[in-house]
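Inside the fold
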Amino acid sequence: MSNKIHDAVQERYGAIARQLNVIQPAESACCGSANEIAADCGPKLYDDALLEGLPVDVTGLSLGCGDPVSIASLREGETVLDLGSGGGIDCFLAAKQVGESGYVIGVDMTPDMLAKANANKVKMGVENVEFRKGYIEDLPVRDNTIDVVMSNCVINLSPDKTAVFSEVFRVLKPGGRVSISDIVTEGNFTDALRADLSQWAECVTGAIDVEAYTGLMRKAGFVTIEVVDKVETGVVNRKPGMPRIFSARITGYKPNIS
Ligand SMILES: C[S@@+](CC[C@H](N)C(=O)[O-])C[C@H]1O[C@@H](n2cnc3c(N)ncnc32)[C@H](O)[C@@H]1O
């Protein structure tokens, strides 16, 4: 499964996980430190109330570009899957909301991130969260078993977004839903810019046009797709040939036909 994009992405997030204090390079569209550095990326990622009680080891390793948890409207007892779970922030937030009768699975390909997430799990004494090693293009999850798939600033990093949405559709139960925060564009990067693997790994040049993004979701079978909100990111210094870059929240449903 691994290719050179996976390798570049894994190298970057492995290095971040190994740092004690997360400091994001100025031109990354993935934000850092839940509500502090994130302020440079636009509005705060999360409501302060949502983050209450989370240790700094979790909030300090927040690398998302939005808040997919709040728009997921999670209910007690639901099973949730987080694509590219990183240090686990969205998994821990979801775990509180689905309660003891619910379950949260985080999938990530980077061993050092998984180690951080598992250390955070032990520190927090959370029982209903599990982190699995795997690629989001080939999920280590059974068919039709998930109520809600979330993801925060990860699908833009994938070299095969068609495979990601097909896998998400496969693992969702009929009637299940997706709740995504991600970097999208209006227009496209040139091939030359897309070839810049370090900018790809910084959540910039792997991003695709928002219409193409929702088109891939539709092609995978999703219905009632909605771009809930879309905020232009201020952190990336746009070079010639770069489209406008946004952080968007997107939802959709797998039809309820078994
Ligand atoms: C920008 S960070 C976001 C982490 C987390 N969602 C958050 O909000 O803090 C991206 C994460 O996705 C993981 N990742 C990127 N591409 C992946 C892929 N194709 N398969 C599995 N994990 C991936 C990286 O290892 C990294 O932990």
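Residues numbered from 1 in each chain as written. Predicted model: local features only at pLDDT ≥ 70, side-chain atom pairs only at ≥ 80, totals over all residues.

1. Section: the overall build of the protein
- Within the protein, the secondary structure is distributed over 9 helices and 7 strands.
- Out of the 258 residues belonging to the protein, those deemed buried represent 50%.
- Taking all contacts inside the protein whose residues are at least 6 apart in sequence as the whole, residues at least 24 apart take part in 73%. (Helix = DSSP H or I, 4+ residues; strand = E, 2+ residues; numbered from the N terminus. Buried ≥ 20, exposed ≤ 12 C-beta atoms within 10 Å, placed from the backbone. Contact = placed C-beta atoms within 7 Å.)

2. Structural notes on the packing of helix 1 (residues 4-18) against helix 5 (residues 111-124)
- Contact pair helix 1 / helix 5: the axes reach a minimum separation of 7 Å and the direction vectors enclose 35°. For the element pair helix 1 and helix 5, the recorded crossing hand is left-handed. Residues Tyr13, Gly14, Ala17 and Arg18 of helix 1 lie in contact with helix 5, whose contacting residues are Asp112, Met113 and Lys116.
- Partitioned by chemical class, the residues of the contact of helix 1 with helix 5 number 3 nonpolar, 1 polar and 3 charged. (Axes fitted to C-alpha atoms, helices over the stretch in contact; angles between N-to-C directions. Left-handed = near helix turned anticlockwise from the far one by under 90°. Nonpolar A, V, L, I, M, F, W, Y, C, P; charged D, E, K, R; others polar.)

3. Describing the site of the ligand
- Taken together, 27 residues surround the ligand, and among them Gly64, Gly84, Gly86, Thr110 and Asn152 come closest.
- Secondary-structure elements contributing two or more residues to the shell around the ligand are helix 1 and helix 4 (89-98).
- For the shell around the ligand, the element with the most residues is helix 1, which contributes 4 residues.
- Residue composition of the shell around the ligand, by class: 13 nonpolar, 11 polar and 3 charged. (Near = placed C-beta within 6 Å.)

4. Points about the packing of helix 6 (residues 161-171) against helix 9 (residues 210-220)
- Here helix 6 crosses helix 9 at 45°, and the two axes come no closer than 9 Å. On the basis of their axis angle, the class for helix 6 and helix 9 is oblique. Note that helix 6 runs across helix 9; the crossing there is right-handed. On the side of helix 6, the interface is formed by Lys161, Thr162, Phe165, Ser166 and Phe169, while helix 9 contributes Leu216, Met217 and Ala220.
- Here the contact of helix 6 with helix 9 is composed, by residue class, of 5 nonpolar, 2 polar and 1 charged. (Parallel < 35°, antiparallel > 145°, perpendicular 65-115°, else oblique.)

5. As for unusual backbone geometry
- For serine 73, which is not a glycine, the phi torsion comes out positive at approximately 45°.
- Although it is not a glycine, asparagine 144 sits at a positive phi angle of roughly 55°.
- Asparagine 144 gets classed as exposed once you count the C-beta atoms within 10 Å, which come to 12.

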